[in-house]
Amino acid sequence: MRIEQIFTVILLVIPTCFAILPLPNQFYNSAAERSTFRWPDIEPSKELTYHVCFKRFRCARLLVPLDWQAPEVSRYNHTVALAIIKLPARASTLNTTYGGAVITNPGGPGGSGIEHLLATGTSLQWAVDSDSKHFDIVSFDPRGVLHSGPDASCFPSPLTRDLWNIKIHEEGNLDSGNRAIGLQWARAKALGKLCADAEIGDYMGSASVARDILEIVERIHEHHHKTISAAKTGLASESVPAQSPLVGEERDDIGTPMLQYLGFSYGTLLGNTFASMFPDRVKRMVLDGVVDAPDYMTQGWSTNLQDTDKVMDAFYKYCFEAGSLCPLYDRAGPEAIESSLSGFLQMVQENPIVAVDSSGSLPPDILTYSDIKRFIFMSLYSPVRNFPGLAFLLDQLRNGEYDQALRLMTLQTYVHCPRDNSSTTSQLLDENEAPRAIMCGDGDDMSNQTLPEFKEYLRLLEAQSSTGGAIWASFRLICTGWQVRSKWRYTGPFGGNTSKPILWIGNTADPVTPIRNAHNMAKHFPGSVVLQTDSVGHCSLFNGPSNCTLEVVRQYFSSGALPETGTVCPADRKPFDGRVFTPLKDSGDGNGQVHISDSFKYVQWRRFPLGTSQAHSWLVEGRGPGTRVTEK
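Residues numbered from 1 in each chain as written. Predicted model: local features only at pLDDT ≥ 70, side-chain atom pairs only at ≥ 80, totals over all residues. Heavy atoms only, no water.

1. A look at the overall build of the protein
When you go through the protein residue by residue, the secondary structure sums to 19 helices and twelve strands. The buried share of the protein, taken over its 632 residues, is 62%. Taking contacts inside the protein between residues at least 6 apart in sequence as the whole, the part at least 24 apart equals 80%. For the protein, the exposed area adds up to about 22,900 Å²; of that, 50% sits on carbon and sulfur atoms. (Helix = DSSP H or I, 4+ residues; strand = E, 2+ residues; numbered from the N terminus. Buried < 20%, exposed > 50% of the residue type's maximum accessible area, 1.4 Å probe, protein only. Contact = heavy atoms within 4.5 Å. Areas by Shrake-Rupley, 256 points an atom, 1.4 Å probe, with all protein chains shown as cover.)

2. Section: the packing of aromatic side chains
Counted by the stated rule, this structure contains 21 aromatic pairs. Ring geometry for Trp 472 versus Phe 475: centroids 5.0 Å apart, planes at 80 degrees, classification edge-to-face. You can see Trp 472 and its partner Phe 475 sitting in helix α16 (residues 469-479), three residues apart, about one turn around the helix. An identical accessibility class is assigned to Trp 472 and Phe 475; each is buried. An angle of 65 degrees between the planes, with centres 5.8 Å apart, marks the rings of Tyr 556 and Phe 557 as edge-to-face. You'll find Tyr 556 and Phe 557 in the same group, each marked buried. Through a chain of ring-to-ring contacts, three or more aromatic side chains come together here, namely Tyr 266, Tyr 296, Trp 301, Phe 377, Tyr 381, Trp 472 and Phe 475. (Phe/Tyr/Trp six-rings, centres within 6.5 Å; stacked < 30°, edge-to-face > 60°.)

3. A few points about the pattern of salt bridges
Counted under the stated rule, the structure contains 20 salt bridges. Salt-bridge contacts for Arg 38 lead to Asp 41; the nearest nitrogen and oxygen are separated by 3.2 Å. Residue Glu 215 is joined to Arg 211 by a salt bridge in which the shortest nitrogen-to-oxygen separation is 3.3 Å. A residue pair is termed a helical-turn pair when its members lie 3 or 4 positions apart in one helix, as Glu 215 and Arg 211 do in helix α6 (residues 206-232) at four residues. For the pair Glu 215 and Arg 211, one class covers both residues: buried. (Salt bridge = Lys/Arg side-chain N within 4 Å of Asp/Glu carboxyl O.)

4. Regarding the state of the cysteines
Tallied over the entire structure, the rule returns five disulfides. The residue that forms a disulfide with Cys 440 is Cys 479, at a sulfur-sulfur distance of 2.1 Å. Given an S-S torsion of about -80 degrees, the disulfide between Cys 440 and Cys 479 has left-handed geometry. Here Cys 440 is found in helix α14 (residues 434-442), whereas its partner Cys 479 is found in helix α16, with 39 residues between them in sequence. For the pair shown, Cys 440 and Cys 479 are each scored as buried. The partner cysteine of Cys 548 in its disulfide is Cys 569, sulfur to sulfur 2.0 Å. Judged by the sign of its S-S torsion, about -55 degrees, the bond between Cys 548 and Cys 569 is left-handed. Here the residue Cys 548 occupies a position in helix α18 (residues 547-559), and Cys 569 occupies one in strand β12 (residues 568-570), the gap between them amounting to 21 residues. Relative accessible area serves as the criterion here: at 0%, Cys 569 is assigned to the buried category. (Disulfide = S-S within 2.5 Å.)

And the structure:
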């Protein structure tokens, strides 16, 4: 079987939950479609004014205060323009089956809700819709992220940022030795100084974003009322179904604006923050891949890796059970597969691989122990999709075949190249310092931590997980040099008696958000329930997939019904099960072939430890990570 036949969807992670959502090809937006729409062409306003965009979507820019804590009389003197996108419901807003809007966040922190919805909106809508309820799916770019201003960039250009990141990559993981630790420690201090005067750094915290979400909810409610009023006066742009009454007192979407929310990974932290700050505004909330909020806010990053090595152990187990379908199979058992890989990694650590592309289309490179450890860690986010490719890649490396690995290396070291002296602003994957500003600005000040103290922390994480400890520690390392704290920080208490109970979801083994986090967070919200999916990987929805989990989510959004306490949903798929993974809906072109390099999006992963990536877009028109969309 060719590797192109092994993968049919790409990894949506970053380590963002990657809420991994498969999407038919016909739902991707072509470069031509994108070129006809520019966010700056929309005049931002305090009301939601939607414009047709990307054919099937509606886009708006909403003005919100830069500083929500400023005096009300001057609050709008300084504003942020939030980019908002909506996939309209399959039912008329005047129909009794219309369920309102579900706001979604892909994680990150700093993940683009716009790009995520463009790539996965149809699948998300299909996941929450039922025969009795149909929902708008709404998302947005948080302040400072991609299409929402102000731009949270510290570097003078994308190229200078790329060169900086390439140097970090070449220095290796933190378990590469004291030299790597020392260099990256110094880089954290240098980056902190560079970003000390960032334009928006003081106002990018999760508390401000939670308040932005409340504003979006209220403006959606206002927009809906205007639609109803227009219908009653005969001015509506859509007809009223004869069998359906106009929205009135008999409908539950009139009254206090309430949030319906679906959050993944870091998006669960946002949801938790919102529910704690505004518990009386929660109507439906599904939190999948749960972050430990107090640990995140104290910059602990120490409650993420408890199940990481369980997922790695599952790789050996599933490989052995797959027999000849796994190229690393050893009839001596999973332990033999693990021992063989450990020996190979030790060999590479002592003798990095000199890799040359057999076709001559790629430059030669050096594959290091750190490179391979990153590939392995990335694969843990979505095992059904990535374990077969990981086994194939490792087998190739053992046999001296380096073409696929070199393609992955190009994703780790890509650069943005301006063309024709024109703007280099990307419509797709432009990177800035938003993820660092959010996670470092949210947490406690780490700038006084000493290098010996950080090394002790590194040893703690390595004891938690030999697979991911040294990689995960780098996120806290970034914050040791960060000098900007969010002016509005919500540090707790996390919990509250929400208007409606919350549905928390977790996998049996999640590499970065163990299910124990869901139980720990849920106990602070009376009536909440934790649903476990008996699967491995980051986040549950579509990761397995599990039709049982999907049905629970649909019932919850439709009626508010929660599963029985202790419910465990079986996964419908497992790695190496011999079936090509196909989207849950029609795949469009019928082949669904994706190259291995599209399954390991390290460029996205390195930015977002807790999120869902926008990597789908790279498949459009054959674009790669170095391709830029230039605005005229």
